[in-house]
Amino acid sequence: MKISIAFAAAAALLIPLSNVSAYAYSGENHAKDAKISIRQASEIALKARPGKITDRELEREKGGSGLRYSFDITSHKTKYEVGVDAQTGTVLENAREGAHPD
């Protein structure tokens, strides 16, 4: 019984950590400048292109406010890039990934 309680307590501590790593992304150092969180941007991107997010980053790029979340989303065995403005939440890009992705 003591082992079960100890295991449950350890598992309870690790569960929140698993959510943190699920949202790790390149460009996190720009997050302080974004009005939209990575979670909000992920939801917006998945509404625009339902599928599975396979990569995410926050980058400075021309268009919109100049700060965007970029998501690679696999949908029906095809990879798409969806860009979400980090200030407004506007979808800036929603296109099939080309032969030479950045």
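Residues numbered from 1 in each chain as written. Predicted model: local features only at pLDDT ≥ 70, side-chain atom pairs only at ≥ 80, totals over all residues. Heavy atoms only, no water.

Draft legend 1. Examining the overall build of the protein chain more closely. Per the secondary structure count, the protein chain includes two helices and four strands. Considering only residue pairs separated by 6 or more positions, the protein chain has 40% of its internal contacts joining residues 24 or more positions apart. (Helix = DSSP H or I, 4+ residues; strand = E, 2+ residues; numbered from the N terminus. Contact = heavy atoms within 4.5 Å.)

Draft legend 2. Geometry of the pairing of strand 2 (residues 67–75). Counting buried positions over the nine residues of strand 2 gives eight, a clear majority of the element. Pairing of strand 1 (residues 52–60) with strand 2, which is carried by eight bridges, proceeds in the antiparallel orientation. In the sheet register, lysine 52 faces strand 2, and the bridge partner there is threonine 74. Between the end of strand 2 and the start of strand 3 (residues 78–85), which pair antiparallel, lie two residues, with histidine 76 showing a positive phi angle near 55 degrees. (Buried < 20%, exposed > 50% of the residue type's maximum accessible area, 1.4 Å probe, protein only. Pairing = 2+ DSSP bridges.)

Draft legend 3. Looking closely at the sheet that holds strand 3. Read from one edge to the other, the open sheet built from four strands follows the order 1-2-3-4, with strand pairing classed as antiparallel. With partners counted over all chains shown, the strands left at the sheet margins are strand 1 and strand 4 (91–96), one partner each. When the angles between neighbouring strand axes are averaged without regard to direction, this sheet yields 15 degrees. (Axes fitted to C-alpha atoms, helices over the stretch in contact; angles between N-to-C directions.)

Draft legend 4. Seen up close, the pattern of salt bridges. Applying the stated criterion across every chain, the model contains four salt bridges. Among the salt bridges present, the one from aspartate 33 reaches arginine 60, with a minimum N-O distance of 2.8 Å. Of this pair, aspartate 33 sits in the loop between helix 1 (2–22) and helix 2 (38–48) while arginine 60 sits in strand 1, placing them 27 residues apart in sequence. Glutamate 93 serves as the salt-bridge partner of arginine 68, at 3.3 Å between the closest nitrogen and oxygen. Highlighted residues: arginine 68 in strand 2 and glutamate 93 in strand 4, separated in sequence by 25 residues. Of the residues examined, glutamate 93 reaches a relative accessible area of 24% and is grouped as partly exposed. (Salt bridge = Lys/Arg side-chain N within 4 Å of Asp/Glu carboxyl O.)

Draft legend 5. How the structure looks around the nonpolar core. Of all hydrophobic cores here, the largest spans 15 residues; its most connected members are Tyr69, Phe71 and Val84. Contributions of two or more residues to this core are made by helix 2, strand 1, strand 2 and strand 3. Counting residues per element, this core draws most heavily on strand 2, which supplies four residues. (Core = buried A, V, L, I, M, F, W, Y, C linked by side-chain atoms within 4.5 Å.)

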